[in-house]
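These are the residues of each chain, in order.
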Amino acid sequence: MSSGTSGGTSGGIEGWVNGLMEALGAPGAGVAIALENLFPPLPSEVILPLAGFAASTGQMGLVAVLLWTTAGSVIGALALYGIGALLGRDRTVAMAAKLPLLKVSDIERTEAWFARHGAKAVFFGRMIPVFRSLISVPAGVERMPLPLFLTLTTLGSAIWNTVFVLAGYALGERWEEVTGYVSAYSKVVLVVAVLAALVFVAVRLLRPGAGARRG
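Read on for an overview of the structure. Values in this document were obtained by computation on a predicted structure and should not be read as measured data.

What to know about the overall build of the protein
Phase 1: Check the secondary structure of the protein and you find ten helices and zero strands.
Phase 2: Secondary structure elements of the protein occur, N-terminal to C-terminal, as α-α-α-α-α-α-α-α-α-α.
Phase 3: Counting every position in the protein, which comprises 215 residues, the buried fraction comes to 45%.
Phase 4: Carbon and sulfur atoms form 67% of the exposed surface of the protein, whose accessible area is close to 10,800 Å².

Structure follows, in structure tokens:
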């Protein structure tokens, strides 16, 4: 990306994403999103609008950006699915506890949501901050059928990515405005998710015979 299209993106995460797209083009945006899935603290709400802005300048094709970012989402989600399937719940949580900026409580809330909603959790979870990455882990632990997991992940990711890439494309140099809206959305969604998880746990505990395990 030329200096004329990268104003305000010379440092931090923006600079890193910019560097990937300068070196690799649209596949660079896909690489960034794949890593965002593996390391949830990397914000898709920065990566995707920035990629959309790059497409608006003609540096990359819009369709290519949409295809590569969706592919990156699926690849990253598949890697987390594999980790969950191979390691199981306890070892996955123990490993996650050692990662910076990742809370075990986030994983536990995601597990509770997956236990309650199953396939819907994978689809809609792709559109919820933090959960969008972590939902792949319990799906792997529970060995959700891989074709179903890939279909739901692709559809959910395509919707999320398209919204933010197009927002960056439409806003152009004002692409950073997207992050403000997402920040507010993230706070509301996470509060609702926490409350829903607490209600779910309370119902399970208060229900007669709640201590019995499924056969």
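Topic: the packing of aromatic side chains
Two measures describe an aromatic ring pair: the distance that separates the ring centres and the angle between the ring planes.
Phase 1: If you walk through the whole model with that rule in mind, you get three aromatic pairs.
Phase 2: Ring centres 4.7 Å apart and planes at 35° place the aromatic pair Tyr-81 and Phe-149 in the tilted group. Remark: Phe-149 occurs in helix H9 (residues 146-171) and Tyr-81 occurs in helix H4 (residues 62-96); sequence separation between them is 68 residues.
Phase 3: Overall, the relative accessible area of 9% leaves Tyr-81 in the buried class.
Phase 4: Residue class for Phe-149 comes out buried when judged on its relative accessible area of 0%.
Phase 5: Taking 4.6 Å as the distance between ring centres and 45° as the angle between the ring planes, the aromatic pair formed by Trp-160 and Phe-164 counts as tilted.

Here's the deal with the packing of helix H1 (residues 12-24) against helix H2 (residues 26-38)
Phase 1: At their nearest, the axes of H1 and H2 sit 6 Å apart, and the two run at 140° to each other. One element, H1, and the other, H2, form an angle in the oblique class. Crossing of H1 over H2 shows right-handed handedness. Residue-level contacts link Trp-16, Val-17, Leu-20, Met-21 and Leu-24 of H1 to Ala-26, Pro-27, Gly-28, Ala-29, Val-31, Ala-32 and Leu-35 of H2.
Phase 2: Across the contact of H1 with H2, the residue classes tally to eleven nonpolar, one polar and no charged.

Concerning the packing of H1 against helix H3 (residues 44-56)
Phase 1: Relative to each other, H1 and H3 sit at 50°, their axes nearing to 10 Å. Classified by the interaxial angle, the pair formed by H1 and H3 is oblique. Of the two possible hands of crossing, H1 and H3 adopt the one that is right-handed. Mapping the contact onto sequence places Ile-13, Glu-14, Val-17, Asn-18 and Met-21 in H1 and Val-46, Ile-47, Leu-50, Ala-51 and Ala-54 in H3.

Some points on the nonpolar core
Phase 1: Met-21, Val-65, Val-122 and Phe-149 are the most contacted members of the largest nonpolar core, which totals 31 residues.
Phase 2: Elements that contribute at least two residues to this core include exactly H1, H2, H3, H4, helix H6 (119-125) and H9.
Phase 3: Considering every element that reaches this core, the biggest residue donor is H3, with seven residues.

Here's the deal with the side chain of Thr-70
Phase 1: Within the secondary structure, Thr-70 sits in helix H4.
Phase 2: Judged by relative accessible area, which is 11%, Thr-70 ranks as buried.

What counts and how
- Residues numbered from 1 in each chain as written.
- Predicted model: local features only at pLDDT ≥ 70, side-chain atom pairs only at ≥ 80, totals over all residues.
- Heavy atoms only, no water.
- Helix = DSSP H or I, 4+ residues; strand = E, 2+ residues; numbered from the N terminus.
- Buried < 20%, exposed > 50% of the residue type's maximum accessible area, 1.4 Å probe, protein only.
- Areas by Shrake-Rupley, 256 points an atom, 1.4 Å probe, with all protein chains shown as cover.
- Phe/Tyr/Trp six-rings, centres within 6.5 Å; stacked < 30°, edge-to-face > 60°.
- Axes fitted to C-alpha atoms, helices over the stretch in contact; angles between N-to-C directions.
- Parallel < 35°, antiparallel > 145°, perpendicular 65-115°, else oblique.
- Left-handed = near helix turned anticlockwise from the far one by under 90°.
- Contact = heavy atoms within 4.5 Å.
- Nonpolar A, V, L, I, M, F, W, Y, C, P; charged D, E, K, R; others polar.
- Core = buried A, V, L, I, M, F, W, Y, C linked by side-chain atoms within 4.5 Å.

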